[in-house]
Amino acid sequence: MTGAAKRLLLETLGWVLLLVGFAALVLPGPGLLCIFAGLALLSRQYAWANRRVEPVRLRALRGAAESVETWPRIVISCAGVLFLAANGVLWIIKPPVPQWWPF
């Protein structure tokens, strides 16, 4: 892989992770972690991204630590994971076909 192709691939991946991270701030998902990963990749090319990597990294780590500070938060997080995993297994076993689906 040439240097230009590698740079383009990493920069594209950085922008995709940044957009997914912003979407995950309002949707379920690890928004700050995706934003951090995207900024880390973009910081190799852009000075503005390099200045923002450390504050986002600290906030992401603080958010992760706060999410498991107390037993109720740990129990709720584990219950949520189990609920999502059970729904995924049920959907894989017998997914309902929507009426509007043409295939």
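All residue numbers here refer to positions counted from 1 along the written sequence of the relevant chain. Totals for whole chains, interfaces and linings use every residue, but because this is a predicted model, local features are given only for residues with pLDDT of at least 70 and side-chain atom pairs only at 80 or more, for both listing and counting. The basis for every side-chain value is the complete set of heavy atoms in the structure, and neither hydrogens nor water enter the calculation.

Chemist: Residue-level account of helix α3 (residues 47–66), with values.
Modeler: Strands are runs of DSSP state E lasting at least 2 residues, helices are runs of H or I lasting at least 4, and numbering of each runs from the N terminus. By this rule the span expected of a helix is its residue count minus one, scaled by 1.5 Å. In this model, α3 (20 residues) spans 30 Å end to end at C-alpha, consistent with the 28 Å of a helix rising 1.5 Å per residue. The reported bend at a residue is simply the angle between two axes, fitted to the 7 residues ending at it and to the 7 residues beginning with it. Along its length, α3 shows its largest kink, about 35°, at Val-53, and proline Pro-55 lies within four residues downstream of that point. The buried label goes to any residue with under 20% of its type's maximum accessible area, the exposed label to any with over 50%, and the partly exposed label to all in between, with areas taken from a 1.4 Å probe on protein chains only. Those residues of α3 not exposed but buried are Ala-49, Val-53, Val-56 and Ala-60.

Chemist: An account of the packing of helix α1 (residues 3–26) against helix α2 (residues 31–42) is needed here, citing residue identities and associated values.
Modeler: Here α1 crosses α2 at 160°, and the two axes come no closer than 7 Å. In terms of their interaxial angle, α1 and α2 are classed as roughly antiparallel. α2 is crossed by α1, and the crossing has left-handed handedness. Every residue of α2 that contacts α1 at Leu-10, Glu-11, Leu-13, Gly-14, Trp-15, Leu-17, Leu-18, Val-20, Gly-21, Phe-22, Ala-24 and Leu-25 is listed here: Gly-31, Leu-32, Cys-34, Ile-35, Ala-37, Gly-38, Leu-39, Leu-41 and Leu-42. An axis is simply a line fitted to the C-alpha atoms; with a helix, the fit covers only the stretch in contact. Between two such axes, the angle follows the N-to-C directions and lies from 0 to 180 degrees. Oblique is the label for every angle not falling under 35 degrees (roughly parallel), over 145 degrees (roughly antiparallel), or within 65 to 115 degrees (roughly perpendicular). Left-handed describes a crossing whose near helix is turned anticlockwise from the far helix through less than a right angle; right-handed describes the clockwise counterpart. Here, two residues are considered to be in contact whenever any of their heavy atoms come within 4.5 Å of each other.

Chemist: Lay out a nonpolar patch on the surface in plain terms, naming residues and giving numbers.
Modeler: Each patch is built from residues lacking any salt bridge and having more than 30% relative accessible area; the joining distance is 9 Å for like charges and 5 Å for nonpolar side chains (Val, Leu, Ile, Met, Phe, Trp, Tyr). Here the accessible surface of atoms and residues is derived via Shrake-Rupley with a 1.4 Å probe, and residues count as covered only by protein chains that are part of the display. In what follows, salt bridge is the name for a side-chain nitrogen of Lys or Arg lying within 4 Å of a carboxyl oxygen of Asp or Glu. Taken together, the side chains of Phe-22, Leu-25, Val-26 and Leu-27 present a nonpolar region at the surface, about 440 Å² in accessible area. By secondary structure assignment, the location of Val-26 is in helix α1. Exposure remark for Val-26: the relative accessible area of 73% places this residue in the exposed category.

Chemist: Report on the nonpolar core, specifying residues and quantitative values.
Modeler: Soluble globular proteins tend to bury their nonpolar side chains together. Joining through side-chain atoms within 4.5 Å is the link that ties buried Ala, Val, Leu, Ile, Met, Phe, Trp, Tyr and Cys residues into a set, and such a set is a nonpolar core. Counting seven residues, the largest nonpolar core consists of Leu-18, Ile-35, Leu-39, Leu-42, Ala-49, Val-53 and Val-56. Those elements giving two or more residues to this core turn out to be α2 and α3. In contact with Val-53, not counting residues within four places along its chain, are Phe-36, Leu-39, Ala-40 and Ser-43.

Chemist: Got a sec to walk through the side chain of Glu-11? Specific residues and values, please.
Modeler: Considering the arrangement of structural elements, one finds Glu-11 in helix α1. Glu-11 has contacts with Leu-42, Gln-45 and Tyr-46, leaving out every residue within four places of it along the chain.

Chemist: Account for the pattern of salt bridges, naming residues and giving values.
Modeler: Side chains that differ in sign of charge can pair as their charged atoms come close. Applying the stated criterion to the full structure yields four salt bridges. One salt bridge in this structure joins Glu-11 and Arg-7, with 3.7 Å as the shortest N-O distance. Here Glu-11 and its partner Arg-7 are both found in helix α1, four residues apart, which amounts to about one turn of the helix. Residue class for Glu-11 comes out buried when judged on its relative accessible area of 14%. The salt bridge involving Glu-66 is made with Arg-59; its shortest N-O contact spans 4.0 Å.

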